[in-house]
Amino acid sequence: MKQLIKPIALAAMLAAAGGVQAQTVLKIGYATTAASHYGVGSTVFCEEMEKGTQGRYKCQQFPNSALGGEREMIEAVQLGTQDIVNTSTGPLGNFVPEVKIVDIPFLFRDYDHARKVMDGPIGQDLQKKMEAKGLINLAWTENGFRHMTNSKRPINQATDASGLKMRTMENKVHMDGYKTFGILPTPMAFPELFTALQQGTVDGQENPIPVILASKFSQVQKHLSLTGHVYSPAALILSPAVWNKLSAADKAAFTDAAKKGAAAQRKKVNDDENNGIAQLKSEGMQVIEKVDGESFRKAVAPAYAAFAKEFGADKIAAIQAVK
Ligand code: EAX
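Residues numbered from 1 in each chain as written. Predicted model: local features only at pLDDT ≥ 70, side-chain atom pairs only at ≥ 80, totals over all residues. Heavy atoms only, no water.

*Asks:* Lay out the pattern of salt bridges in plain terms, naming residues and giving numbers.
*Replies:* Evaluated as defined, the whole model comprises 17 salt bridges. Its salt-bridge partner being Asp 256, residue Lys 260 comes within 3.0 Å of it at the nearest N-O pair. Note that Lys 260 and Asp 256 are positioned in helix α11 (residues 248–282) at a spacing of 4 residues, about one turn of the helix. The exposure class of Asp 256 is partly exposed, given its relative accessible area of 38%. When the shortest N-O distance is used, the salt bridge between Glu 294 and Arg 297 registers 3.5 Å. Pair noted here: Glu 294 and Arg 297 are both in helix α12 (residues 293–300), with a separation of 3 residues, about one helical turn. Under the relative-accessibility criterion, Glu 294 is labelled partly exposed at 44%. A residue is classified by how much of its surface remains accessible, and Arg 297, at 41% relative accessible area, is partly exposed. Counted as one network, the salt bridges with shared partners bring together Glu 48, Lys 51, Asp 256 and Lys 260. (Salt bridge = Lys/Arg side-chain N within 4 Å of Asp/Glu carboxyl O. Helix = DSSP H or I, 4+ residues; strand = E, 2+ residues; numbered from the N terminus. Buried < 20%, exposed > 50% of the residue type's maximum accessible area, 1.4 Å probe, protein only.)

Set out below in structure tokens:
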């Protein structure tokens, strides 16, 4: 907040002196680099938002977890000490339990299915649940389908993953799911991950291709398996402290900008999926492209009973039924 006051005060002085319009600078944070999918999506959002409000609002971007891990950033946005976060749903379920349903392994068939669900009535309903908890989700952005990397061995099937100590997000649905693969899940905030891989605190981790690329995990992980075991949605979340002060027109401008940011972020995910695997190979990773997905689906099937109990079998079926 302190850093916010200064530019506002300065802008107000300029406005008084020369008729220049006051400009509010909003702090936006995300986990990965400025060049990553989060950076691309955030930049388009910021540019469009500035344009749509005739320059009355602009962003100051904090890539590379400079404002903290995703859990900390979500908390700060809820409190109003940070304005915007572009974050995966990883830790979001700790704030809005209903959101955890989208973190169920093998729930989504592919990108088309996932994006359709998130942008449709089910995703909109989750946005309302978030709003009730003081988190204004302007648009579902995207992290991507997650794949496993590790330093020990190639993973062709679920039994190969068994016994590996793998960092997971701070997400109980993921952890419960991955335990069925025999993985020993170790929850950890993302900013600690590179060092943990480097020092061998964990054998592996799982993340979408754009994160593996941007975070240079090829430097510390030998094996990549295209398990695609879970879809990782993301959200562009604004603090209610900002939202509640916006005019109806500015609210529309923010929302429209967020939709454009989300589209750009998803396009970057597509591009990284298409080009990134070749790059990771050239950086020395051994890539298993044809994973026995059925072995993972079979392993996780029994956990669906617990997921149905927690979220409702009808709610899970409704997501699966989206064509
Ligand atoms: O959202 O924590 C994670 O593994 C996330 O996928 C990453 O920080 C990007």
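Picking up after the structure, the text goes on.
*Asks:* Summarise the pairing of strand β3 (residues 84–88); cite the residues concerned and give the values.
*Replies:* By the criterion of burial, β3 is predominantly enclosed, with 5 of the 5 residues buried. Burial along β3 is two-sided: the face carrying Ile 84, Asn 86 and Ser 88 and the face carrying Val 85 and Thr 87 are both buried. Both β3 and strand β8 (residues 223–238) contribute to a ladder of 5 bridges, which runs antiparallel. Residue pairing in the sheet places Ile 84 in a bridge with Leu 238 of β8. (Pairing = 2+ DSSP bridges.)

*Asks:* So what's going on with the side chain of Asp 83? Residues and values would help.
*Replies:* Relative to the assigned elements, Asp 83 resides in the loop between α3 (70–79) and β3. It turns out Asp 83 is buried and unbridged, and the closest side chain with the opposite charge, Lys 27, is 5.8 Å from it. One polar contact links the side chain of Asp 83 to the main-chain amide nitrogen of Lys 27, over a distance of 2.7 Å. (Lys, Arg positive; Asp, Glu negative; His and termini not counted. Polar contact = N/O pair within 3.5 Å; in protein donor to acceptor, adjacent residues only side chain to side chain.)

*Asks:* Go over helix α13 (residues 303–311), please, and point to the residues and values.
*Replies:* When we look at burial in α13, the residues that qualify are Ala 303, Tyr 304, Phe 307 and Phe 311. Around the axis of α13, the buried residues are gathered within 95° of arc, so they sit on the same side. Of the exposed residues in α13, the ones pointing more than 90 degrees away from its buried face are Ala 305 and Lys 309. Structurally, α13 contributes buried residues whose contacts are with α7 (172–179), α12 and α14 (313–321). At the C-terminal side of α13, Gly 312 shows a positive phi close to 100°. (Arc of directions from axis to C-beta. Contact = heavy atoms within 4.5 Å.)

*Asks:* Got a sec to walk through the site of the ligand? Specific residues and values, please.
*Replies:* The environment of the ligand is formed by Ala 31, Tyr 38, Glu 70, Ser 88, Asn 143, Arg 146, Arg 167, Met 169, Phe 190 and Asn 207. The separation between an oxygen atom of the ligand and a polar side-chain atom of Glu 70 is 2.6 Å. In this structure, Asn 207 approaches the ligand through a side-chain N or O atom, which is 2.6 Å from an oxygen atom. Burial of the ligand by the protein chains amounts to 99% of its free accessible area of 270 Å². Considered class by class, the residues forming the shell around the ligand number 4 nonpolar, 3 polar and 3 charged. (Near = heavy atom within 4 Å. Areas by Shrake-Rupley, 256 points an atom, 1.4 Å probe, with all protein chains shown as cover. Nonpolar A, V, L, I, M, F, W, Y, C, P; charged D, E, K, R; others polar.)

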